[in-house]
2 protein chains.
Amino acid sequence: MSENTLVSLTVALDVMGGDHGPLITLPAAKLAVETLPNLHLVLCGDEAIIQSHLNTLQLSNHPQLSIQHASETISMDEKPAIALRCKKDSSMRAALNLVRDDQAQACVSAGNTGALLAIAHFVLKMIPGVERPALITHLPLSDGNSHVFMLDLGANVFCNSDTLFQFALMGSVMAEQVDGIKEPKVALLNMGEEDIKGSDHIKQTAALLTASPYINYAGFIEGNDIFSGKADVIVCDGFVGNVALKTCEGVAKMVMDKVKKIVNESPFTRFLGVLLNPTLKKILKRLNPDQYNGASLLGLRGIVVKSHGNANSTAFYNAILEAVKEVERQVPEKIKNKVELGLIKRS
Amino acid sequence: MSENTLVSLTVALDVMGGDHGPLITLPAAKLAVETLPNLHLVLCGDEAIIQSHLNTLQLSNHPQLSIQHASETISMDEKPAIALRCKKDSSMRAALNLVRDDQAQACVSAGNTGALLAIAHFVLKMIPGVERPALITHLPLSDGNSHVFMLDLGANVFCNSDTLFQFALMGSVMAEQVDGIKEPKVALLNMGEEDIKGSDHIKQTAALLTASPYINYAGFIEGNDIFSGKADVIVCDGFVGNVALKTCEGVAKMVMDKVKKIVNESPFTRFLGVLLNPTLKKILKRLNPDQYNGASLLGLRGIVVKSHGNANSTAFYNAILEAVKEVERQVPEKIKNKVELGLIKRS
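Residues numbered from 1 in each chain as written. Chains lettered and ligands numbered in written order. Predicted model: local features only at pLDDT ≥ 70, side-chain atom pairs only at ≥ 80, totals over all residues. Heavy atoms only, no water.

Participant: Account for the overall build of chain A, with residues named and values stated.
Facilitator: From N to C terminus, chain A includes twelve helices and eleven strands. Expected size for 347 residues packed as a compact globule is a radius of gyration near 20 Å; at 21 Å, chain A falls within 12% of this value. Counting only C-alpha atoms, chain A reaches 65 × 60 × 40 Å along its principal axes. Within the span of chain A, comprising 347 residues, buried residues form 59% of the whole. Sequence-distant contacts, at least 24 apart, represent 72% of the contacts inside chain A between residues at least 6 apart. Accessible surface, chain A as shown: approximately 13,700 Å² in total, 52% of it carbon and sulfur. Here chain A holds 33 positive side-chain charges and 36 negative ones, and the gap between their average locations is 3 Å. (Helix = DSSP H or I, 4+ residues; strand = E, 2+ residues; numbered from the N terminus. Rg over C-alpha atoms; globule rule 2.2 N^0.38 Å. Buried < 20%, exposed > 50% of the residue type's maximum accessible area, 1.4 Å probe, protein only. Contact = heavy atoms within 4.5 Å. Areas by Shrake-Rupley, 256 points an atom, 1.4 Å probe, with all protein chains shown as cover. Lys, Arg positive; Asp, Glu negative; His and termini not counted. Charge placed at Lys NZ, Arg CZ, Asp CG, Glu CD.)

Right, dumping it as structure tokens:
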């Protein structure tokens, strides 16, 4: 860890969220406080349930853990508007309230994505100049050493050119701060690389990006180049981003299924499979990034990391580490500065 | 081949199109006439060049081949509108004219996609009731035995709900006729499976599909389920379809690159790689379907198959076979009937 981690920091966890709730969030919390001695976690949810799990995990009265009681849990299929209006004492909202009140520097949840977006938007509010929150994650590149950040991944169905421009500014900050890339190359996902390709709002966004001195604009990029390293940040609307990301997951699963089938054909190929499967699995697992390390909500006045609903404790632990990294790198402050600069220059 | 192939059939080839022109289209033509004794191919392009290649291939005066001279070639980066207006004696247009004039039952080209769409639309016209041509291809399913058809793959940036409904009718016909699937399951690609997800035009399309007795509507599908077999036909607009398809290609390439890297780490893994690479390559190659078997333009009054610009002779040969299959199964006639039924029921 960097030297910054020596400064104490606090992260609020939505313990009850996700498909498995405390069964995965609390073992992840245990691992996190064991790994990071300067980390304090506030466990938000039903106190009795949390206490009982902490006893089992031999974590009662752990100095790095405290509990924030919340009587309600938002289910995975609950409508976001209902969750926002009717569940004011939910574990998710309690965690977000702590961030709003400066009692925690970040929140991590594996709960209902729509509800998290709606409540985070309502509770934390947007950074001035950013109209909509965006979901961002990073994907592995072919070279095996670096990443590409992609946003939006489904927070917004359709985005106009102003929103996409703001996403480009925010994505640049993530690549700079989280991955340490200087002047990250920002590309727009499109159905062709030529200037004449794509819809009008994509072309308008391209014009905004070309004109901005705060963006290192690399032009249009196609789906087959997502992993090639042509871009450090890929910007698209939530519908397209969501389809692209989930398609990666689908391809990864299909390749694994087919390899398994081939491998089971004879004792000899079974032997080969035993040797090669773990490596393949590792590659393909990383193509399912929200399961692997969570996705961040950008544009809010606070750090919110969304772990996959079906996350296991390792994935939830990775999401906590992601939140810690964003706290250390002061991502919301850096976004605020970049957006101010980017928008002043335009107006 | 089915017994239908005993009936003589004629396919027009744009010999000059694609990155490699006659160097790949003519070896593919040779393979096709050798495989299908009832197939006649009209080779469209510069007669002198074609003749010289035929001599090299020992195909001069072959009874199954004839030449249609065309003095112009459309380059891969030519603007579609310019190609349509200014290159009236192109090899591509000559091939499409033959289909229009009933001198060929299908056309195959590896040329400029935009130009092919524009010229095919102008020369062949649309089937009544279909507003826009769509690009369709089939992808392999996880089970290894069957396919899923996906459209549109980039002929149209944005499609309204009427157009998507027509695409669903056309995709159903392809799955029925080409793959022999009775009442194929048609799904709409979306960013979630729940009814509330997605844009308004996606929801409107869902309502049209639910109401139609001519569509076996299977609901929304997400990117991770493209290969799962939940759908036989997946409908989306050209922007999203293009990104999804090219993302598959990108993932396939990345997995191969990473496997190669791992395999080269030691002599032992190199040995494993030699054994497993061909199988992996086979799986991943099929994720690049337009390179593998071409994509078809649907909705026109004639059969047009687009082979990849960078196709090799095997891929171009596969595209010819695809065209032959669509002729045998009378795809445009079946689409005409289905669209008539589907639209009458709606009005």
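Participant: So what's going on with the nonpolar core? Residues and values would help.
Facilitator: Among the nonpolar cores identified, the biggest contains 168 residues, and Leu96 of chain A together with Leu96 of chain B are the most heavily contacted of them. For Leu96 of chain A, the contacting residues outside a window of four places in its chain are Cys107, Leu116, Ile119, Ala120, Val123, Leu124 and Val304 of chain A. Counting residues in each nonpolar core, the second largest holds 34 residues, with Val11, Val15, Ala28 and Phe316 of chain B among its members. (Core = buried A, V, L, I, M, F, W, Y, C linked by side-chain atoms within 4.5 Å.)

Participant: Which residues make up unusual backbone geometry, and what are the values?
Facilitator: All names here are of chain A. Cis geometry marks the peptide bond from Leu151 to Asp152; its omega dihedral reads 0°. Although it is not a glycine, Glu183 adopts a positive phi angle of roughly 45°. Within the secondary structure, Glu183 is located in the loop between α6 (161-179) and β7 (185-189). Given a relative accessible area of 61%, Glu183 falls into the exposed group. The phi angle at Gln330 is positive, at roughly 50°, despite the residue not being glycine. Judged by its relative accessible area of 41%, Gln330 falls in the partly exposed class.

Participant: Before we move on, can you summarise the sheet that holds strand β6 (residues 147-151) of chain A with the specific residues and values?
Facilitator: Residues and elements named next belong to chain A. Pairing in this open sheet of eleven strands is mixed, and the strands run β3-β2-β1-β4-β11-β10-β5-β6-β9-β7-β8 from one edge to the other. Of all the strands in the sheet, the pair left with one neighbour each is β3 (65-69) and β8 (216-221). The sheet shows a mean angle of 25° between the axes of neighbouring strands, taken without regard to direction. Judged from the five bridges that link them, strand β2 (residues 39-45) and β3 form a sheet pairing that is parallel. Note that in β3 the partner of Leu41 across the bridge is Leu65. Strands in contact with helix α1 (residues 22-35) are β1 (9-14), β2 and β3; relative to β2, the strand with the most contacts, it is inclined by about 165°. Packing of α6 onto the sheet brings it into contact with β5 (134-140), β6, β7, β9 (233-235) and β10 (295-298), and relative to β6 it is tilted by some 150°. (Pairing = 2+ DSSP bridges. Axes fitted to C-alpha atoms, helices over the stretch in contact; angles between N-to-C directions.)

Participant: Can you explain the domain arrangement of chain A? Please cite residues and give values.
Facilitator: Accessible area lost on assembly of the parts is the figure often given for the size of an interface. All names here are of chain A. Per the domain assignment, the segments of chain A are domain 1 (1-130 + 299-328) and domain 2 (134-294). At the boundary of domain 1 with domain 2, the tally comes to zero salt bridges. At the junction of domain 1 with domain 2, the criterion picks out one residue pair in polar contact (both at pLDDT 80 or more). Put simply, the parts of the chain that give the side of domain 1 that touches domain 2 at least two residues each are α5 (113-124) and α11 (313-328). Top contributing element to the side of domain 1 that touches domain 2 by residue count: α11, with six residues. For the side of domain 1 that touches domain 2, the class distribution of residues is four nonpolar, seven polar and four charged. (Domains from an automatic or database assignment. Salt bridge = Lys/Arg side-chain N within 4 Å of Asp/Glu carboxyl O. Polar contact = N/O pair within 3.5 Å; in protein donor to acceptor, adjacent residues only side chain to side chain. Nonpolar A, V, L, I, M, F, W, Y, C, P; charged D, E, K, R; others polar.)

Participant: Report on the interface of chain B and chain A, specifying residues and quantitative values.
Facilitator: With 49 residues of chain B in contact, the opposing surface of chain A contributes 49 residues. Buried surface at the junction of chain B and chain A, both sides included, amounts to about 4,400 Å², of which 79% is carbon and sulfur. The partner of Lys246 of chain B in a salt bridge is Glu222 of chain A, with the nearest N and O atoms 2.2 Å apart. Run the count over chain B and chain A and you get four residue pairs in polar contact (both at pLDDT 80 or more). When contributions to the side of chain B that touches chain A are tallied by element, the ones reaching two or more residues are α8 (238-263) and α9 (267-285) of chain B. Looking at which element gives the most residues to the side of chain B that touches chain A, the answer is α8 of chain B, with 19 residues. (Buried area = accessible area lost by both parts, 1.4 Å probe.)

Participant: Quick rundown of the environment of His121 of chain B? Include the residues and the values.
Facilitator: Residue and element names in this part refer to chain B. Summarising the element assignment, His121 is placed in helix α5 (residues 113-124). Residues His121 and Gly299 lie 178 residues apart in sequence; the distance between their C-alpha atoms is 9.2 Å. Each residue touching His121, except ones within four places of it in the same chain, is listed here: Met126, Arg132, Pro133 and Leu300.

Participant: Any details on the pattern of salt bridges? Residues and values, ideally.
Facilitator: All names here are of chain B. For the structure on display, the rule yields 14 salt bridges over all chains. Glu78 serves as the salt-bridge partner of Lys87, at 3.0 Å between the closest nitrogen and oxygen. For Lys87, a relative accessible area of 18% translates into the label buried. Classification of Glu78 by relative accessible area gives buried; the value is 15%. A salt bridge links Asp232 to Lys185, with the shortest nitrogen-to-oxygen separation between them at 3.9 Å. Of the two residues, Asp232 sits in the loop between β8 (216-221) and β9 (233-235) while Lys185 sits in strand β7 (residues 185-189), which places them 47 residues apart along the sequence. Judged by its relative accessible area of 31%, Lys185 is partly exposed.

Participant: Quick one: what's the story with the relation of the copies chain B and chain A, residue by residue and with numbers?
Facilitator: Mapping chain B onto chain A leaves a residual RMSD of 0.0 Å; the transformation is a rotation of 180° accompanied by 0.0 Å of translation along its axis. Given the turn and translation reported, the copies of this chain are related as if by a two-fold rotation axis. Taken together, the interface assignments show that 100% of the residues at the interface of chain B recur at the interface of chain A, consistent with an identical surface on both copies. (Least-squares fit on C-alpha atoms with pLDDT ≥ 70 in both.)

Participant: Describe in detail the packing of aromatic side chains, supporting the description with residues and values.
Facilitator: Counted under the stated rule, the structure contains zero aromatic pairs over all chains. One cation-aromatic arrangement involves Lys125 of chain A over Phe122 of chain A; the distance from NZ or CZ to the ring centre is 4.6 Å. (Phe/Tyr/Trp six-rings, centres within 6.5 Å; stacked < 30°, edge-to-face > 60°. Lys NZ or Arg CZ within 6 Å of the ring centre and 35° of its normal.)

Participant: Describe in detail the side chain of Asn156 of chain B, supporting the description with residues and values.
Facilitator: All names here are of chain B. If you trace the backbone, Asn156 turns up in the loop between β6 (147-151) and α6 (161-179). Taking relative accessible area as the criterion, Asn156 reaches 4% and is therefore assigned buried. Each residue touching Asn156, except ones within four places of it in the same chain, is listed here: Arg132, Pro133, Ala134, Phe167, Asp237, Gly238 and Phe239.

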